[in-house]
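Take a look at the letters that make up each chain.
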Amino acid sequence: MTKKTIYVDNAATTAMSDIAISAMTPYLKEVYGNPSSLHTVGQIAKEALDGARAKIAKCLNCDPKEIYFTSGGSEADNQAIRSAAVNGAKKGKKHIVSTAFEHHAVLHTLKKLEKEGFEVTYLDVHANGIVTADEVASAIRPDTALVTVMYANNEIGTIQPISEIGAVCKQKGVVFHTDAVQAVGHIPVDVKADNIDMLSVSAHKFHGPKGVGVLYCRRGLPLNTFIDGGMQERGKRAGTENIAGAVSMAAALEYACENMQKNSKKLIKLRDRLIDGLLKIPYSRLNGDKTKRLPNNVNISFEGTEGESLLLLLDAKGICASSGSACTTASLEPSHVLLSIGLPHEIAHGSLRLTLSAENTEDEIDYIIKEVPEVVDRVRGISSFWDDLQSGKIKHFIEK
Ligand SMILES: *Cc1c(COP(=O)(O)O)cnc(C)c1O
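Heads up: these notes are all about the structure in this document.

Rules used throughout
- Residues numbered from 1 in each chain as written.
- Predicted model: local features only at pLDDT ≥ 70, side-chain atom pairs only at ≥ 80, totals over all residues.
- Heavy atoms only, no water.
- Near = heavy atom within 4 Å.
- Polar contact = N/O pair within 3.5 Å; in protein donor to acceptor, adjacent residues only side chain to side chain.
- Areas by Shrake-Rupley, 256 points an atom, 1.4 Å probe, with all protein chains shown as cover.
- Nonpolar A, V, L, I, M, F, W, Y, C, P; charged D, E, K, R; others polar.
- Pairing = 2+ DSSP bridges.
- Helix = DSSP H or I, 4+ residues; strand = E, 2+ residues; numbered from the N terminus.
- Axes fitted to C-alpha atoms, helices over the stretch in contact; angles between N-to-C directions.
- Contact = heavy atoms within 4.5 Å.

Attention now goes to the site of the ligand. Every one of the 13 residues lining the ligand counts as a neighbour, but Ser-74, Asp-179, Gln-182, Ser-202 and Lys-205 are closest to it. Separating a nitrogen atom of the ligand from a side-chain N or O atom of Asp-179 is a distance of 2.6 Å. Within the side chain of Lys-205, one N or O atom sits 2.7 Å away from an oxygen atom of the ligand. Here the ligand has 380 Å² of accessible area as a free molecule, and 87% of this is covered by the chains. Among the residues forming the shell around the ligand, the class breakdown is two nonpolar, eight polar and three charged.

Read across the sheet, three strands follow the order 9-10-12 without closing on themselves; strand pairing throughout is antiparallel. Each edge of the open sheet carries a strand with a single partner, namely strand 9 (284-286) and strand 12 (351-355). With strand direction ignored, the average angle separating the axes of adjacent strands in the sheet is 25 degrees.

With mixed pairing, seven strands are arranged side by side in an open sheet as 2-8-7-6-5-3-4. Each edge of the sheet is formed by a strand with only one pairing partner; in this case those strands are strand 2 (67-70) and strand 4 (119-123). Neighbour to neighbour, the strand axes of the sheet diverge by 20 degrees on average, direction disregarded. In this structure, strand 3 (residues 95-99) lies alongside strand 5 (residues 144-148), joined through three bridges in parallel fashion. Paired with Ile-96 across the two strands is Leu-146, which belongs to strand 5. Contacts between helix 4 (residues 104-115) and the sheet are confined to strand 3, strand 4, strand 5 and strand 6 (175-179), with strand 4 contributing the most and set at about 145 degrees to the helix. The strands touched by helix 6 (residues 162-172) are strand 5 and strand 6; relative to strand 6, the strand with the most contacts, the crossing angle is about 160 degrees.

Quick look at the structure:
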């Protein structure tokens, strides 16, 4: 490779850290046992799994018995939501409260439940990308089975008032689930202080491996199986455990939590430098609240551009970014998240998400700040929409 790659797509996935890789290797080699086996090789694997569970529980401030390993964030979301819905329905409760800008793992589960007779209220997240606890409180009805609101958004990085929403749910006796995939390992998350009943985590968003995650489920809350089979994970998730993944995830999370303060300070500095640099481009706007956002998230719209073109031109310059969520790049529909904060289709289409890691440097940020204006100019140069904006035929949405 001749050109250095600048990777700023850490909300899609992160590179595994050396710590996560070296924690994992013994469990791919010599410690290969099945934790269900009674012999020594199996029991060593079981100890490793218990250790990983304890470490993760400590980071989330819960009991290890409240941690269930899954294949990732999507599975955890599916299991949590479906379980709470089905158990609510048993008591005649078939209403769910959520938001318009959840991850597809949540939204598509909810859509399916709607087809099965559940009713879902999707709360507005407003122009700043934040829902309020009062709005959640007003949406809760006597037949509400579940509130599911994401901790931090994967596209615009906005952080929700989770502990307040949790307090509302607790007071009203409604199960509260949060997709915390973008939050855990990045900002402080404490399931007790935040009044969370169920929470989804994914390892590959904090430099752990792909294909492993965790569902936290508060003790006493019924949890239905999603994958049926053996009695692994206290009978709640069948399948021979991914020991190497679990151990590696625990190492990555422990490291992320221990270094969180230091890293977020660094990231916020880089983030704000990048935001300030890019907002110098005429007719650009930051999407999502300026301060109530993840330390590593930058999401900016450039009027009169088209996200995919921006991405390809940046890629040619060695910059790996995203135009929305990775899941939407295959479709032509603009991001549902950007539409949910009130952006018109054309503006949502011309958006760039840059999500940093602590490995990024000031020099890399400055390189991006130098290259993006050129790329934006090139894309605007071939855009008839931009011509119409320039000639006044179409009114600007974004101020200069
Ligand atoms: C990445 C992501 C998921 C999905 O996690 P996987 O482990 O990839 O299944 C769910 N929710 C959010 C907010 C995410 O960013």
